[in-house]
Amino acid sequence: MANKQTRRIFLKRTFGSFLTVLGLSSGGYLYANRIEPSLLDIQKLQIKHPLIPNSFDGIKIIQFSDTHLGFQYNLHQFNKLVEKINLLKPDIILFTGDLMDEPNQYTEINKLIPILKKLHAPLGKYCIFGNHDHGGYGSDIYRNIMETTDFTVLLNESAPIKLKDGSTIYLLGIDDAMLGKPNLPLTLKNVPKDTFKILLSHAPDLAETASQYPVHWQLSGHSHGGQIKIPFFGALVTPPFAQIYPEGLYSIGENNPLSLYVNRGIGTTRLPFRFMSKPELSIFTLKAEK
């Protein structure tokens, strides 16, 4: 009970500070509550590496993350996102966690499943657990939804992506850092060292550990890019395991550095606002670098 009261007080103070920054204006409130959360920023990046086979050159990967359905984000909005993703014709789709804000309280699973099933990617759809997917006894609920809609759930597991000529890259997926049990050595078991590897980790700060392993890129979410950012100050709140790397592209380590990309996510949580942190869809194009 004490922890809940402390969190409630903290959120009230955060909300109060946020309204103060906006000058208590109705226009500022409307923008942060209704307008910015409905905007979509599409980020396009190249993933280059000598271990990417020539036949993978030009392969398109789309990452989306942190929809938090049921809090502020609804199925009508999600359906429009799915339509946009399909129009972009991805070869691979990746979801990096936090599908529903409270899985065991979500009442529209029967409507959600057909929408997720519409997502199409010829080389596969893959996902990992976020903290909200585990929260509220939601682990089995989330897994069942994703497997029913043809996603491969990677829970401390790897998956080869193989083309017709036999060339292969690997996707690695580890469990959530807050409420799960991430195990990178187990995930890497039986993965050849001389293949290109992309790690999916909901928590971006685990890149500090991942950089010590033969992993080349890491894709993460969780941070929401801070969700509410104040000019000249930065994010009001960053969650645990997203405090070192809150958004964007990073290079970690000196010899053979790990490239980390942190997606700002789609939905909101705790507070129904986004300010200077638009929802994001990330598009990655693989590039063989010889």
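Residues numbered from 1 in each chain as written. Predicted model: local features only at pLDDT ≥ 70, side-chain atom pairs only at ≥ 80, totals over all residues. Heavy atoms only, no water.

Draft legend 1. Representation of the pattern of salt bridges within the structure. Going through the model one piece at a time under the given rule, you end up with 7 salt bridges. Across the pair Lys111 and Glu108 runs a salt bridge whose closest N-O atoms are separated by 3.7 Å. Here Arg143 ties to Glu147 by a salt bridge, and the two come within 2.9 Å at their closest N and O atoms. Taken together, the residues span about one helical turn, with Arg143 and Glu147 both in helix α6 (residues 139–148) at a distance of 4 residues. In this structure, a network of salt bridges that share partners links the residues Asp41, Lys229, Glu247, Arg264 and Glu280. (Salt bridge = Lys/Arg side-chain N within 4 Å of Asp/Glu carboxyl O. Helix = DSSP H or I, 4+ residues; strand = E, 2+ residues; numbered from the N terminus.)

Draft legend 2. Here's a closer look at the packing of aromatic side chains. All chains considered together, the criterion is met by 7 aromatic pairs. Measuring from centroid to centroid gives 4.8 Å for Tyr245 and Tyr250, while their planes differ by 65°, and the two rings are edge-to-face. When the centroid spacing of 5.5 Å and the interplanar angle of 80° are considered together, the rings of Tyr261 and Phe284 count as edge-to-face. Taken together, the positions of Tyr261 in strand β13 (residues 258–262) and Phe284 in strand β14 (residues 280–288) put the pair 23 residues apart, joining distant regions of the chain. Both residues of the pair, Tyr261 and Phe284, count as buried. Here the aromatic cluster, defined as three or more aromatic residues joined through ring pairs, consists of Phe64, Tyr73, Phe78 and Phe95. (Phe/Tyr/Trp six-rings, centres within 6.5 Å; stacked < 30°, edge-to-face > 60°. Buried < 20%, exposed > 50% of the residue type's maximum accessible area, 1.4 Å probe, protein only.)

Draft legend 3. Up close: the nonpolar core. If you look at the biggest cluster of nonpolar residues, it comprises 30 residues, and the most contacted ones within it are Phe64, Leu69, Phe78, Leu99, Leu112, Leu116 and Met146. Take this core: its biggest share by element is 5 residues, from helix α3 (residues 75–87). Not counting residues within four places of it along the chain, the set of residues in contact with Leu112 comprises Leu69, Leu75, Phe78, Leu99, Met100, Tyr106 and Ile145. Counting 25 residues, the second largest nonpolar core, distinct from the first, contains Ile169, Leu171, Leu200 and Leu219. (Core = buried A, V, L, I, M, F, W, Y, C linked by side-chain atoms within 4.5 Å. Contact = heavy atoms within 4.5 Å.)

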